[in-house]
Protein chains: 2
Amino acid sequence: MNHMVHQSPLDEAFAALSDPTRRGILTQLGDGPATVGELAQPAGITVTGMAKHVRVLENAGLVVTEKIGRTRQCRLGAERLDDAMAWISFYQRLWERRLDGLDAYFTLQKGHEK
Amino acid sequence: MNHMVHQSPLDEAFAALSDPTRRGILTQLGDGPATVGELAQPAGITVTGMAKHVRVLENAGLVVTEKIGRTRQCRLGAERLDDAMAWISFYQRLWERRLDGLDAYFTLQKGHEK
């Protein structure tokens, strides 16, 4: 019954965003493309460590990389965060509805007390 | 220089959302509070397995639980996804700016070709 599922794009996007170094990479790439080495230096981590983070972002579709000579150029990938945004908006609506429900409940209670 | 950092609320929120079972729990709680057992059944997992998922959501502030007798009641937690939403909006703006940049570049190229 309970099969192992492959990670969906939404799972991968949220997992990729759960790390401050990876969010920092996206911020830096917002200013323009950069090599893995150029990303590693300000983050204070090794090129190998940075390459791993970049791969997570690449698998999630948030970053696209291209091998140019000896370096790997990175840039922002396809707009895959639309689904993540839609999901969070949905949660916010659920949350607001919960508050509305409580509000209605207390209004009702107040009515009964009269 | 490179200290081990504690997970920030934003890290925890994104990590919590990276699993379809956990997103399903939030959706179900949008309809009203439920016990861990009531959440486990439709998800097709054990109560112990569900309790682990609930704990991840609770640590991220997305779910609040309360022990009532022998059961643990769960409901949607504080609105902690505002930061996650703000972060994704920020990324979308970076992405749009990248497209604007490309557009400006091609317009410039076109001008040079004339």
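Right above here is the structure, for reference.
All of these numbers come straight from a predicted model, not from anything done at the bench.

### Topic: the side chain of Asp19 of chain A
Mapped onto the secondary structure, Asp19 of chain A falls in the loop between helix H1 (9–17) and helix H2 (20–29). Comment: no salt bridge for buried Asp19 of chain A; closest opposite-charge side chain is Arg22 of chain A, at 4.4 Å. For Asp19 of chain A, the side chain forms a polar contact with the main-chain nitrogen of Thr21 of chain A, separated by 2.8 Å. If we skip the residues at most four places from it in the chain, Asp19 of chain A touches His53 of chain A together with Asp11 of chain B.

### Examining the packing of helix H2 (residues 20–29) of chain B against helix H4 (residues 47–59) of chain B
All names here are of chain B. Look at H2 against H4: their axes get within 10 Å of each other, and the N-to-C directions meet at 75°. Compared by their axis directions, H2 and H4 come out roughly perpendicular. Together, Thr21, Arg22, Ile25 and Leu26 of H2 and Met50, His53, Val54, Val56 and Leu57 of H4 make up the contact between the two elements.

### As for the sheet that holds strand S1 (residues 34–35) of chain A
All names here are of chain A. Strand order in the open sheet formed by three strands is S1-S3-S2, and the pairing between neighbours is antiparallel. In the strand order of this sheet, the two ends are held by S1 and strand S2 (63–68), each with one partner. Its contacts with the sheet put helix H4 (residues 47–59) on S2 and strand S3 (71–76), and the angle it makes with S2 is roughly 120°.

The rules behind the values
- Residues numbered from 1 in each chain as written.
- Chains lettered and ligands numbered in written order.
- Predicted model: local features only at pLDDT ≥ 70, side-chain atom pairs only at ≥ 80, totals over all residues.
- Heavy atoms only, no water.
- Helix = DSSP H or I, 4+ residues; strand = E, 2+ residues; numbered from the N terminus.
- Buried < 20%, exposed > 50% of the residue type's maximum accessible area, 1.4 Å probe, protein only.
- Lys, Arg positive; Asp, Glu negative; His and termini not counted.
- Salt bridge = Lys/Arg side-chain N within 4 Å of Asp/Glu carboxyl O.
- Polar contact = N/O pair within 3.5 Å; in protein donor to acceptor, adjacent residues only side chain to side chain.
- Contact = heavy atoms within 4.5 Å.
- Axes fitted to C-alpha atoms, helices over the stretch in contact; angles between N-to-C directions.
- Parallel < 35°, antiparallel > 145°, perpendicular 65-115°, else oblique.
- Pairing = 2+ DSSP bridges.

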